[in-house]
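Residues per chain are reported as follows:
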Amino acid sequence: MKVRINQELCNACGICGHVCPRHIPETINQENKKITMISSERIALCMECGHCVAVCPKHAIKVESLNEEKFISVKELNIDDNQLLSLLKQRRSIRRYKDKPVPREIINRIIDAAHSSPTGTGQRTTGIIIIDNPKTLASFSEHAYQVYEMLEKLLNNPIGKLIIKRKKGKKTFRMLQDFVMPGMHWYTRWYKEGKSNEILRDCPALILFHSPIYEPQGEYNCAITAFHAIMMAQVLGIGTCFNDLIPPACNKSPKIREQLNLPADREVYASITMGYSKYQFKRIPPRELAEVRYLK
Ligand SMILES: Cc1cc2nc3c(=O)[nH]c(=O)nc-3n(C[C@H](O)[C@H](O)[C@H](O)COP(=O)(O)O)c2cc1C
């Protein structure tokens, strides 16, 4: 049994079943006495999220796959909503970095936050690859530019254009043709002239978030995990920027896949460049969603 209840400790309060997304622990009346038991009908649906263990006031429930000692006591927090809002508002996408490495202790602290992100199916399938070695970043860049050069050639050819449209669908095709490639045209030129590396933004560190291709929520999982890292980085004084050019290069380039040692059944779905910001923003630009409304 994946989940076990110690009946000697359990007071049948039923909270574990109430917080469980699938109501796997169920509290029933047995001979005029309340008892919490594991539903044999639903135990196979257990996502092993550990919420039952985390909420039990009596330490009476265990999930076999989760080490009890790794459950940390919840602390009373004193976080001010204004401060949190300011933190969110003051986050900027940082695209210009100081030529200064990010110490591994800081990167590891950022990764600590990434571990806590929620995941779509409850499975912990997201992986992270960090590149902070300048030489590795340089060869990674070289391969990434090759991918985009190849793409530009294909898009300049009527048959290649048709193939991409068919393979990627109209929406991605339009984005590539009207948004990504006009910028890439310049990025490639500047890279070749040794002026700048706009794909990687000359970052001292890059984080890639990858997921199995069969994971139904892989893209979301990677994006949310990346955002956890971004917010932690901000608190630690490290600037970051989501980067949409890097994941397709990782997935398409056999050289990058080899360099990353990325298994064939995994793809990179999110990436962030990071480093110490070269410039300090003085003002918060106006940001509003397209719409916010309550329904009657
Ligand atoms: C999903 C996603 C992908 C993004 N991809 C890129 C990118 O490839 N390159 C880039 O410079 N910025 C990228 N950004 C950053 C946005 O362009 C940025 O959020 C926008 O310019 C607003 O700036 P702000 O984040 O400072 O508010 C991305 C942001 C998101 C949410």
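Our structure is the block above this text.
Scoring rules and cut-offs
Residues numbered from 1 in each chain as written. Predicted model: local features only at pLDDT ≥ 70, side-chain atom pairs only at ≥ 80, totals over all residues. Heavy atoms only, no water. Helix = DSSP H or I, 4+ residues; strand = E, 2+ residues; numbered from the N terminus. Buried < 20%, exposed > 50% of the residue type's maximum accessible area, 1.4 Å probe, protein only. Contact = heavy atoms within 4.5 Å. Patch = residues over 30% accessible without salt bridge, like charges linked within 9 Å, V, L, I, M, F, W, Y side chains within 5 Å. Areas by Shrake-Rupley, 256 points an atom, 1.4 Å probe, with all protein chains shown as cover. Salt bridge = Lys/Arg side-chain N within 4 Å of Asp/Glu carboxyl O. Pairing = 2+ DSSP bridges. Expected span 1.5 Å × (residues − 1). Polar contact = N/O pair within 3.5 Å; in protein donor to acceptor, adjacent residues only side chain to side chain. Near = heavy atom within 4 Å. Nonpolar A, V, L, I, M, F, W, Y, C, P; charged D, E, K, R; others polar.

Caption draft 1: Summary view of the side chain of Ser211. Among the structural elements, Ser211 can be located in strand 6 (residues 205–212). Using a relative accessible area of 0% as the deciding quantity, one classes Ser211 as buried. Contacts of Ser211, omitting those with residues within four sequence positions, involve Thr125, Gly218, Cys222, Asp265, Arg266, Glu267 and Tyr269.

Caption draft 2: Here's a closer look at a nonpolar patch on the surface. Together, Leu77, Ile79, Leu84, Leu85, Leu88, Phe227 and Phe242 make up an exposed nonpolar region whose accessible area comes to about 680 Å². For the nonpolar patch, the element with the most residues is helix 3 (residues 81–90), which contributes three residues. Considering the arrangement of structural elements, one finds Leu84 in helix 3. Residue classification places Leu84 among the partly exposed residues on the basis of a relative accessible area of 42%.

Caption draft 3: Structural context of the pairing of strand 8 (residues 266–275). Most of strand 8 is tucked away: nine of the 10 residues are buried. By the bridge criterion, eight bridges tie strand 6 to strand 8 in an arrangement that is antiparallel. Residue pairing for strand 8: Ala205 is matched across the bridge by Met274. Summarising the sheet, strand 7 (residues 239–242) and strand 8 pair through four bridges and their orientation is antiparallel. Within the sheet, the bridge partner assigned to Cys241 lies in strand 8 and is Thr273.

Caption draft 4: A look at helix 5 (residues 134–155). With 22 residues, helix 5 ought to run about 32 Å at 1.5 Å a step, and its terminal C-alpha atoms sit 31 Å apart, in line with that. What helix 5 keeps buried is the set Leu137, Phe140, Ser141, His143, Ala144, Tyr145, Val147, Tyr148, Leu151 and Leu155. Lining the buried residues of helix 5 we find strand 5 (127–131), helix 6 (158–192), strand 6, helix 8 (246–252) and helix 9 (254–260). Put simply, Asn133 is the residue that caps the front of helix 5, since its side-chain oxygen is 2.9 Å from the backbone nitrogen of Lys135.

Caption draft 5: Examining the site of the ligand more closely. Near the ligand the following residues occur: Arg91, Arg92, Ser93, Arg95, Arg201, Cys241, Phe242, Asn243, Asp244, Leu245 and Arg287. For the ligand, an oxygen atom lies 2.6 Å from a polar atom in the side chain of Ser93. Asp244 is positioned such that a nitrogen or oxygen atom in its backbone is 2.7 Å from an oxygen atom of the ligand. Protein coverage of the free-state accessible area of the ligand, which is 620 Å², stands at 63%. For the shell around the ligand, a count of residues per class yields three nonpolar, two polar and six charged.

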